[in-house]
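# Summary of the model geometry
Each chain is listed here by its residues.
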Amino acid sequence: MAEFLTDIKTIRERARAEIGKGPITDAYGADLERVIQVCNEALATELVCVLRYKRHHYTASGLQSESVAQEFLEHAAEEQEHADKLASRIVQLGGEPDFNPDTLSSRAHSQYDESRGLIDMIKEDLVAERVAVASYTEIIQWLGDKDITTRRVFEELLAKEEEHADDMQSLLERIPSDT
C-alpha cells in the first residue's frame, strides 16, 4: 500500500462505523456546516438570477428585443441547472436546500431587477454575472482541496457565469444605446 494511504483495514472500519455520514469521511477537510451555508447562498443567488432573467425575457421590448429576450431565456434555463446542481450537492452533504421565498433575495449574492429598458436589463444582468464570477472565484479559493467535489461544482458554475458575462458584454456592444 502507498505510504500516503491510511491502512485499508482502518478505512474499512471507519466506513462501517460512520455509515450514517454518507459521502463525508475523515478525509473531508472543510467546515461542513459552513460549506452547506455557502452552497445555500449560491442556490439563492442562482434562483434570483433565474427570476431576473425570466422577468427580462418576458418584459424585453423594442427593435432588438427578440434575440436578446431569447438570450435571457437561455440564461434563465442555465441558471436553473446551476440551482439544481447546488441543491443536489447540499443534499449529498447532508444538508437541506433552502428554497424559502421569504428569505431568497436576502441570502442571494446578486439582486433582482425590474429594469424596463433593454440596455438597463443587459447591464443589470452583466453586473449580476460579475458578482457571481467574483463570489464563485472566492468560494473556489476558500474550498481549495478541503472539499474537491464542491469545488468542482463551483468551477463548473464559474465557467458558465463567465460565459454569461461575456454574452451580456457582447450584447451591450452590439445594441445601440438609444434602444
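Placed above this text is the structure.
These notes cover the structure that comes with them. Numbering of residues begins from 1 in every chain and follows the order in which that chain's sequence is written. Only residues with pLDDT of at least 70 get local features here, since the model is predicted, and only at 80 or more are side-chain atom pairs given and counted; chain-wide, interface and lining totals rely on the full set of residues. Computation of side-chain values covers all heavy atoms of the structure but excludes hydrogens and water.

## Here's the deal with the pattern of salt bridges
In what follows, salt bridge is the name for a side-chain nitrogen of Lys or Arg lying within 4 Å of a carboxyl oxygen of Asp or Glu. One pass over the full model with this rule turns up nine salt bridges. Here Arg89 ties to Asp147 by a salt bridge, and the two come within 3.1 Å at their closest N and O atoms. Note that Arg89 is positioned in helix α3 (residues 65-92) and Asp147 in the loop between α5 (118-143) and α6 (148-174), a separation of 58 residues in sequence. Summary of the burial criterion: residues with accessible area below 20% of their type's maximum are buried, those above 50% are exposed, and those between are partly exposed, where the area comes from a 1.4 Å probe applied to protein chains only. Looking at Arg89, the relative accessible area reads 8%, which means it is buried. On the basis of relative accessibility, which here comes to 3%, the residue Asp147 falls in the buried class. Residue Glu155 pairs with Arg151 through a salt bridge whose shortest N-O separation is 3.1 Å. With Glu155 and Arg151 both in helix α6, this residue pair falls four residues apart, about one helical turn. Relative accessible area serves as the criterion here: at 19%, Arg151 is assigned to the buried category. By the criteria applied, helices consist of DSSP H or I runs no shorter than four residues and strands consist of E runs no shorter than two, each listed in order from the N terminus.

## Let's talk about the environment of Gly144
With respect to the helices, strands and loops of the structure, Gly144 is situated in the loop between α5 and α6. The exposure class assigned to Gly144 is partly exposed, which follows from its relative accessible area of 24%. With 133 residues separating them along the chain, Gly144 and Ile11 place their C-alpha atoms 23 Å apart.

## Concerning the environment of Thr149
Relative to the helices and strands, Thr149 is located in helix α6. For Thr149, a relative accessible area of 41% gives the class partly exposed.

## Considering the environment of Val127
Its place among the elements puts Val127 in helix α5. The partly exposed category is assigned to Val127, whose relative accessible area is 45%. Through-space distance from the C-alpha of Val127 to that of Arg152 is 24 Å; in sequence the pair is 25 residues apart.

## A closer look at the layout of surface pockets
Once rolled over the atoms, a probe with the size of a water molecule shows which space is left empty. Cavities and pockets were defined on a 1 Å grid built from protein atoms only: a cavity is a group of points that admits a 1.4 Å probe but offers it no way out, a pocket is an open group of points flanked by protein on both sides within 12 Å along at least five of seven lines, and a lining residue is one with an atom within 4 Å of any such point. Grid points are joined across faces, edges and corners, and a volume is the space filled by probe spheres set on the points. Estimated volume of the largest pocket: approximately 220 Å³. Taken together, Thr6, Ile11, Arg14, Ala15, Glu18, Ile19, Lys21, Gly22, Ile24, Thr25, Asp26 and Ala27 make up the lining of the largest pocket. In this classification, the charged set is Asp, Glu, Lys and Arg, the nonpolar set is Ala, Val, Leu, Ile, Met, Phe, Trp, Tyr, Cys and Pro, and all remaining amino acids, among them Gly, are polar. Here the lining of the largest pocket is built from residues that sort into five nonpolar, three polar and four charged.

## What to know about α5
Multiply 1.5 Å by the residue count of a helix minus one, and that product is the helix's expected span. In this model α5 runs 37 Å from its N-terminal to its C-terminal C-alpha over 26 residues, within 8% of the 38 Å that 1.5 Å per residue would give. A positive phi of about 50° marks Gly144, the residue just after α5.

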